[in-house]
Structures are given as structure tokens and as C-alpha cells.
Amino acid sequence: MHRPLALALAALLAAPLAAHPQQAHVHGLAHADIAVEDGRVEITLRATAYDLVGFERAAVDAAEAATIQAARALMLDHGRLWRFSVAAGCVAQAPVLEVPAAEQAEGDEHEHSHDHEHGHDHEHEHGGHVDWLARYRFDCTRPEALRTIDVALFQAVPALQNLRVQLIDGSGARALELTPAQARIVLDSAP
């Protein structure tokens, strides 16, 4: 791994939990940090609970609990949300989903799709607003063929109107703003 890109990658992947609390909580807007290098794609996605389930509190009835469960299933369906150049042979690792305790359906426990340390705060709240955080990792067998990432979040979550992306790829770091009309990320694999 090239040293400057490795340092930028480390900074980007460490930034989501530290940087996002200062960002304004805006409905219809999600944030993604994406790093692409050496056949690996790492994505951290933060979206408001309101956009994902329609409310930012604990479920009050069975219908709302079912809505939360459906949103969890959607957020863990990485193949539905992120589509890569087919020739790249990208395979997903188990995603991680952090659902704040305020969003837990009655009787649910704090949920993740894998095991990890619990030394951080899972209440991604901003002034009474609640965010969900998902982390995805994909390993690509032919990284030289990885040219695009199609983001299907807009079809899956119609309340989303913008996705602000911080991207690190072969050309360095850049910021992108995706919309339902422009939901493709074109990657640069330059060294």
C-alpha cells in the first residue's frame, strides 16, 4: 500500500464516528465514506432513522416494530444497496449495523451482524435526532476491473434525496454528491 494513500485511508475510516456528530442532522441526506484500495472496498454509511423508518423513537406498536425490522434487513442487504463492476468479482464480508437503543423494537437487543468490542457509543444522536450507522466491506478478486459503484440506496430508501460521499481511490481523496438521478460513482484506479 502506498504510504500517503494508506494514511489518508486510515484517517477517512477513523473519521466517521469523530466527524459526523458536528454535521447537521438533515432528513433526506445520508453520508458515506468510501475507501477503495488493493482490492478492498470499505464503506461507512450514516443515515437518519427518520429516512429509514419514518420516525426517530422506539416503536410504539407491532407495525412500527415490523418497519424497524424491515429497515434492518434492508441495511444488511449489501448486494441490494451497493453494486460493483461485475468483472471485479467483489464479494461482501458481513456488514455491521448499529441501531441506536432508542430505535430498538420492544424485546430486541442491541444488534450487530458480527462480533466486536463494545467500547463505543451506539447512540448516534444529534439534538434528539437519531442516526443509524452501517459498515460494509467488499473484497474484489480483480480490482483492476473495478470501475464503478452503483448506489441503489435511492431506490431502496425513497426518502433519501442526497448522498454525500467522501471517497478515497487510486486518484486520491474527493467529495461527491449523489442524487437519485446521478447514483453512480466512477472510480479511478490510477496509482
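Conventions and cut-offs
- Counting restarts for each chain: residues are numbered from 1 in the order of the written sequence.
- Only residues with pLDDT of at least 70 get local features here, since the model is predicted, and only at 80 or more are side-chain atom pairs given and counted; chain-wide, interface and lining totals rely on the full set of residues.
- As a convention, hydrogens and water are excluded, and side-chain values are obtained from all of the structure's heavy atoms.
- Numbering goes from the N terminus for both helices and strands, where a helix is a DSSP run of H or I of at least four residues and a strand is a run of E of at least two.
- Partly exposed residues are those whose accessible area sits between 20% and 50% of the maximum for their type, while under 20% is buried and over 50% is exposed, using a 1.4 Å probe and protein chains only.
- Residue contacts are defined here by distance: any two heavy atoms, one from each residue, within 4.5 Å place the two residues in contact.
- Note on areas: these come from Shrake-Rupley sampling with a 1.4 Å probe, and a residue is covered only by the protein chains present in the view.
- When DSSP locates at least two bridges between a pair of strands, those strands are taken to pair.
- The criterion for a disulfide is a pair of cysteine sulfur atoms lying within 2.5 Å.
- Put simply, buried Ala, Val, Leu, Ile, Met, Phe, Trp, Tyr and Cys residues joined by side-chain atoms within 4.5 Å make one nonpolar core.
- For salt bridges, the criterion is a side-chain nitrogen of Lys or Arg within 4 Å of an Asp or Glu carboxyl oxygen.

Asker: I would appreciate a short explanation of the overall build of the protein chain in the present structure.
Answerer: Secondary structure assignment for the protein chain yields five helices and eleven strands. By residue count, 44% of the 191 residues in the protein chain fall in the buried class. Of the contacts formed within the protein chain by residues at least 6 apart in sequence, a portion of 64% connects residues at least 24 apart. Element-wise, carbon and sulfur atoms account for 55% of the exposed surface of the protein chain, whose accessible area totals about 9,100 Å².

Asker: How should the pairing of strand 8 (residues 148–151) be read in this particular structure?
Answerer: On any regular strand, side chains alternate: one points to one face of the sheet, the next to the other face. Pairing of strand 3 (residues 82–84) with strand 8 involves three bridges; the strand directions are antiparallel. Note on strand 8: the bridge partner recorded for Trp 82 is Val 151. Where strand 8 meets strand 11 (residues 184–186), three bridges bridge the pair, whose relative direction is antiparallel. By the bridge assignment, Ile 149 is partnered in strand 11 with Ile 185.

Asker: I keep staring at the state of the cysteines and nothing clicks. Help me out?
Answerer: Two cysteines form a disulfide when their sulfur atoms are joined by a covalent bond. Per the stated rule, a full pass over the model turns up one disulfide. Covalent S-S linkage joins Cys 90 and Cys 140, the inter-sulfur distance amounting to 2.0 Å. Judged by the sign of its S-S torsion, about 100°, the bond between Cys 90 and Cys 140 is right-handed. Taken together, the residues Cys 90 in strand 4 (residues 90–92) and Cys 140 in strand 7 (residues 129–140) connect sequence positions 50 residues apart. Since its relative accessible area comes to 22%, Cys 90 is described here as partly exposed.

Asker: In this structure, what is going on with the nonpolar core? I would like to understand it.
Answerer: Soluble globular proteins: nonpolar side chains tend toward being buried together. Residues Ile 34, Val 41, Trp 82, Trp 132 and Leu 163 are the most contacted members of the largest nonpolar core, which totals 46 residues. The element contributing the most residues to this core is strand 7, with six residues.

Asker: Teacher, can you tell me more about the environment of Ile 185 here?
Answerer: With respect to the element layout, Ile 185 can be found in strand 11. Classification of Ile 185 as buried rests on a relative accessible area of 1%. The spatial distance from the C-alpha of Ile 185 to the C-alpha of Asp 150 is 6.3 Å, given a sequence separation of 35 residues.

Asker: Teacher, can you tell me more about the pattern of salt bridges here?
Answerer: As a working rule, side chains carrying opposite charge can pair if their charged atoms are close by. Under the criterion given, the structure shown has ten salt bridges. For Asp 139, the salt bridge goes to Arg 40, with nearest N and O atoms at 3.2 Å. Residue Asp 139 is found in strand 7, and its partner Arg 40 is found in strand 2 (residues 40–48); the two are separated by 99 residues along the sequence. Taking the relative accessible area as the measure of exposure, Arg 40 reaches 32% and is therefore partly exposed. Arg 137 is paired through a salt bridge with Asp 139; the nearest N and O atoms lie 3.4 Å apart. The partly exposed category is assigned to Arg 137, whose relative accessible area is 29%. Overall, the relative accessible area of 22% leaves Asp 139 in the partly exposed class. Each member of the salt-bridge network shares a partner with another, and the members are Arg 40, Glu 42, Arg 137 and Asp 139.

The analysis is restricted to geometry; functional conclusions fall outside its scope.
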